[in-house]
Amino acid sequence: MAQSRNHVIPQNRPWSRRAWLRLAGLGSLTGGVAAVSQVTAGEQQSPVVASMPDHLGSAMGPVGRVSTEFFDPTRFLRAWNFSDLAGDDRARFYRETPRSDGTMLREYEIFAVDREVEIAPGVFFPAWTYNGQVPGPTIRATAGDQLRINFVNQGSHPHTLHFHGWHSPDMDGSLPAHQVLPDERFVYEFEADPFGLHLYHCHASPLKRHIHKGLYGAVIIDPPSETPRPPADELVMVLNAFDTNFDAENEVYAANTVASFYMQEPIRVKVGQLVRIYVVNLTEFDLVNSMHLHGMFFDVFRTGTTMVPSESTDTIMLCQGERAILETTFRYPGDFMFHAHQSEFAELGWMGLFRAEDQHAT
Ligand SMILES: [Cu+2]
């Protein structure tokens, strides 16, 4: 906490999630939360009377903007294998080499580093990160490829990379013997198997602390190239939350780290085009998270391990570490809200908008 700048949480007393709601009315989080806070704090007045003017001014979304210079949630949506970096920069972190059997060797440079990340305008969280960002870079391969991850721990604590998927025990990054100490390195190597939507995270103990500090990312393993998924506009959403005062409760929730970011910068999609959303739940402390999309339904491929959807719904529940591929096609132009159906999560930042535009709109 000491290294956090512009931190709005007082350090000298326990700070509950309810207190955060009240504080947010004074600070920089969301107008919607401010309205809630004034009702909560209005002991002297009728809640109805107290809430009237606040409702008029409670446009949802944060006041102010985060810096997107280093981490831009819009770019993160459609970036994998460091595709958000140009030529030489990308080659420093990612290389692919065709193999004789038609598969690829994919090599990654992943490093752990302590770094503050801005999770709401002016609110900085002292994160532990992979490659300086939360979530870490999305890894993407085709089933049968070989993955080689060169991991360097530049952080101040022992860390690991623990991948979900088939691999040998020595590549699991979970036991005390697997810990990579500060300034040490380890090479993880395994085959991309099975196809689906997976994840990686640190597995050093205490586990929930190492995960919630920001050490996690998405892994997309595409089906074999002979049987690909249909072309689509593809988006990665990692559901996460931040315990800013370390009381084992989250104060800020998001899809892709920045509270309410996509309320200010709606995700642009095309009417009539298939949209595929890779949703991974990496929220700590709360057992269940969810995603609800307004005005439409989507097909659900749980864990992404089948080509046939298991259900069609407008709300999906995900336990910690659970993930799903969602597919839908927007029928109408306009703004469509999406958010956690846990209302408290939504009001604390896990909310956004899709902006659907006609195919030929510029
Ligand atoms: Cu760790």
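Above: the structure in question.
The rules behind the values
Here the residue index of a chain counts from 1 through its sequence in written order. Reporting of local features is limited, given that this is a predicted model, to residues whose pLDDT is at least 70; pairs of side-chain atoms are given and counted only at 80 or more, and all residues count toward the totals for whole chains, interfaces and linings. Each side-chain value is worked out from all heavy atoms of the structure, with water and hydrogens disregarded. Helix numbering and strand numbering both begin at the N terminus, where a helix is a DSSP run of H or I of at least 4 residues and a strand a DSSP run of E of at least 2. Each residue gets one of three labels from its accessible area relative to the maximum for its type: buried under 20%, exposed over 50%, partly exposed in between, using a 1.4 Å probe on protein chains only. The definition of a polar contact used here is a pair of N or O atoms within 3.5 Å, where within protein one atom must be able to donate a hydrogen and the other to accept one, and adjacent residues in sequence count solely through side-chain atom pairs. Contact criterion: two residues are considered in contact whenever any of their non-hydrogen atoms come within 4.5 Å of each other. For Na, K and Ca the donor cut-off is 3.2 Å, while for other metals it is 2.8 Å, and in both cases only N, O and S atoms qualify; water is not among them, so sites may look incomplete. In this analysis, strands are considered paired if DSSP registers two or more bridges between them. Axis geometry follows a simple rule: fit a line to the C-alpha atoms, using only the stretch in contact for helices, then measure angles between N-to-C directions, giving values from 0 to 180 degrees.

(A) View of the side chain of His-159. Its place among the elements puts His-159 in the loop between β5 (146-153) and β6 (162-163). According to the relative accessible area criterion, His-159 is buried, its value standing at 1%. For His-159, the side chain forms a polar contact with the side chain of His-210, separated by 3.2 Å. In contact with His-159, not counting residues within four places along its chain, are Ala-112, Trp-128, Phe-151, Asn-153, Gln-179, Val-180, Cys-202, Ala-204, His-210 and Leu-215.

(B) Broad picture of the coordination of the copper ion. Here the copper ion is held by His-159 (ND1), Cys-202 (SG) and His-210 (ND1), and the distances to it run 2.0 to 2.1 Å. Within one chain, the residues donating to the copper ion are spaced in sequence as H-x42-C-x7-H. In this pair, His-159 sits in the loop between β5 and β6 while His-210 sits in helix α6 (residues 207-212), placing the two residues 51 residues apart along the sequence. By the burial criterion, His-159 is buried, and His-210 matches it.

(C) Spatial organisation of the sheet that holds strand β10 (residues 233-242). Within the open sheet, the six strands sit side by side as β11-β10-β13-β18-β15-β16. Their pairing is mixed. Two strands close off the open sheet at either side, each with one partner strand: β11 (252-255) and β16 (311-313). On average, adjacent strands in this sheet sit at an angle of 25 degrees to one another, irrespective of strand direction.

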